[in-house]
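# What the coordinates show
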Amino acid sequence: MSRTLQSGKQVEAPYFDFMVDAVALMQSRERCLLKLEPELVDKFSCSMCGECCQRPWWIGLPRSYVDKWYAVFDQDPSGRFRDPFIKLDNPTDAQYADMRRKPGSSECIFLLDDRSCYIHREHGAEALSHVCRIFPRYESWFGAFFGSFLLPGCPDVQSLIQAEPLIYYTIGEIAENKWHELMKREHPLGLYGGYLWLGLELDLINRSDFTPVQTQRRLLKGLRRMMDSPVSLSELNQILSGPIQTEAQTQIPSLVALERLAHVLAPFKSVCDYLVDICAGWKSPPELNPAEKKLLNLFLRRYLSYRALTADFLSKKGESFFYPSFFLRGMHLAMLQWLALFYREREGGVLTQEHLLRAANLLGYRYECALDNAAMIELSPRACLEGLEAMLSFDFVDFG
Ligand code: SF4
């Protein structure tokens, strides 16, 4: 029997069944959508660490902001903020300029030595650009699921992903103009298929009899099944929720995975050396004790749940990024484990939440928030799934 959905309540497991009911409701009303609202969004408050103001990210400013504030900052008596904005090459009214950075760095000129923002301090929060005011919050469609989320590039977000895993929802009618805008960036499996897919993934990720890597291996089976012949999502959910055959576990990545990981982790030479030494047999693979496995298990599960929730299945140009996104996620899952294990080795002792958060933060700002999709999008679905399989070739949370 289908449940009654009510805005403000929690998305409940089994998630696929929940989404079936949500889809039935959405289909019964015009321009009706389920909006997902993870509890972490409300819990976020900026710690003013100033990290995001030092990153080489583009801070998009609309023309109206530039017109209003250019002269104020340019003529500031301190003389520190001359020519404060850099006009873009192909400016539009919505995306007109970027913030100027300090010479020889990516740090915003308005970031003060005490890590506070000059604009915020002298002119108040209302004087901040839209991007600076809302970061890391964002409202997403992006070919995934409608919702309010936090970008993983903010150092305060990873700990919230771990501490506040619940998902709430609201149901509402979308204004006609916004509806048409959203439908242009529909999920590759269709509007309703996208929600069902999310339910299927969340059920899998949260199965307590699978390790996080096993959940992704099973998902890989589902993706291969989808690629080979048409299958409904209900049928696929049935197949994936069946019993699992335990596969041989290893702590050594396959050669394909090793090459790819060494390539993407090249800026972190000591991490690469650590990985290569283990794979070459010059160093023993890390042996985790039961408490460390338990910690890693829960951390990866919550990491994967948030990734599923915030999945981006379209490129910037609107092309499907469905299969590449799973390869990318598998790669990040592998990197997260190796980075954390490297920190553990370097510092001696056991794996801690701090090691995992540090690894997830590095991934969040350096890899997840600076996606270069161009190379991935060129890959065929089959090549993406082969890449994903390689990234799942090892598992440190082995219950066997
Ligand atoms: S304007 Fe202020 S909040 Fe925005 S990036 Fe610069 S220092 Fe940070």
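Sequence order as written defines the numbering, with residues in each chain counted from 1. Two thresholds apply to this predicted model, a pLDDT of at least 70 for residue-level local features and 80 or more for giving and counting side-chain atom pairs, whereas whole-chain, interface and lining totals are computed over all residues.

### Thoughts on the overall build of the protein
Strands here are runs of E lasting at least two residues and helices are runs of H or I lasting at least four, both read from the DSSP assignment and numbered beginning at the N terminus. The helix and strand inventory of the protein stands at 17 helices and six strands. In this description the radius of gyration comes from C-alpha coordinates, and the expected globular size is given by 2.2 Å times residues to the power 0.38. Over its C-alpha trace the protein gives a radius of gyration of 23 Å, about what one expects of a compact globule, namely 21 Å for 400 residues. In terms of overall dimensions, the protein has a C-alpha envelope of 70 × 60 × 35 Å along the principal axes. Buried residues are those with 20 or more other C-beta atoms within 10 Å of their own C-beta, exposed residues have 12 or fewer, and partly exposed residues lie in between; C-beta atoms are placed from the backbone. Expressed as a percentage of the 400 residues in the protein, the buried residues total 35%. A sequence separation of at least 24 residues applies to 72% of the contacts in the protein between residues at least 6 apart. A pair of residues counts as a contact when their C-beta atoms, built from backbone coordinates, are within 7 Å of each other.

### Observations concerning the nonpolar core
The biggest cluster of nonpolar side chains holds 94 residues, and the ones touching the most others in it are Met335, Leu336, Trp338 and Leu339. Sorting elements by how many residues they give to this core places helix H14 (residues 322-347) first, with 14 residues. Setting aside residues no more than four positions away along its own chain, Met335 makes contact with Leu261, Val264, Leu265 and Leu363. Note on definitions: a nonpolar core is a set of buried residues drawn from Ala, Val, Leu, Ile, Met, Phe, Trp, Tyr and Cys, linked by C-beta atoms within 7 Å.

### Examining the packing of helix H8 (residues 191-205) against helix H9 (residues 212-228)
Lines fitted to C-alpha atoms define the axes here, with helix axes fitted over just the stretch in contact, and angles between the N-to-C directions of these axes take values from 0 to 180 degrees. Interhelical geometry of H8 versus H9 gives an angle of 145 degrees and a closest axis separation of 9 Å. Handedness of the H8/H9 crossing: right-handed. Across the interface between the two elements, Glu201, Leu204 and Ile205 of H8 pack against Thr215, Arg218 and Leu219 of H9. Here the residues of the contact of H8 with H9 are counted per class, giving three nonpolar, one polar and two charged. Crossing handedness follows the turn of the near helix against the far one: under a right angle anticlockwise gives a left-handed crossing, and clockwise gives a right-handed one. Amino acids are sorted into nonpolar (Ala, Val, Leu, Ile, Met, Phe, Trp, Tyr, Cys and Pro), charged (Asp, Glu, Lys and Arg) and polar (every other residue, Gly among them).

### Points about the domain arrangement of the protein
What counts as a domain boundary in this text is fixed by an automatic or database domain assignment. Examined at the domain level, the protein breaks down into domain 1 (15-45 + 137-190), domain 2 (52-134) and domain 3 (194-391). The straight-line distance from the C-alpha centre of domain 1 to that of domain 2 is 30 Å.

### Concerning the site of the ligand
Throughout this description, a residue near a molecule or strand is one whose C-beta atom, derived from the backbone, lies within 6 Å of it. Every residue lining the ligand is accounted for by Cys53, Ile59, Met99, Cys108, Phe110, Leu111, Cys117, Ile119, His120, Leu128 and Cys132. A breakdown of the residues in the shell around the ligand according to their chemical character gives ten nonpolar, one polar and no charged.

### Overview of the confidence of the model for the protein
A residue-level look at the protein finds 95% of positions with pLDDT of 70 or above and a mean pLDDT of 90. Least confident of the elements in the protein is helix H16 (residues 374-377), whose mean pLDDT is 71; most confident is helix H3 (residues 63-74), at 97. Scored between 0 and 100, pLDDT is the confidence that the predictor attaches to each residue.

### Structural notes on H14
By this rule, a helix spans an expected 1.5 Å times one less than how many residues it contains. The end-to-end C-alpha distance of H14 is 38 Å, a good match for the 38 Å that 26 residues give at a rise of 1.5 Å each. After H14 finishes, the residue Gly348 shows a positive phi value of roughly 75 degrees.

### Quick notes on unusual backbone geometry
Pro14 follows Ala13 through a cis peptide bond whose omega is -5 degrees. Among the structural elements, Pro14 can be located in the segment before helix H1 (15-28). Looking along the chain, the bond that leaves Phe135 and enters Pro136 is cis, with omega of 5 degrees. Mapped onto the elements, Pro136 comes out in the loop between helix H5 (130-134) and strand E4 (137-140).

### Details of the environment of Gly194
Among the structural elements, Gly194 can be located in helix H8. Classification of Gly194 as buried rests on a count of 23 C-beta atoms within 10 Å. For the pair Gly194 and Thr250, spaced 56 residues apart in the sequence, the C-alpha separation amounts to 33 Å.

### Things to note about the environment of Tyr138
With respect to the helices, strands and loops of the structure, Tyr138 is situated in strand E4. For Tyr138 and Leu151, which are 13 residues apart along the polypeptide, the C-alpha to C-alpha distance reads 7.2 Å. In contact with Tyr138, not counting residues within four places along its chain, are Phe149 and Leu151.

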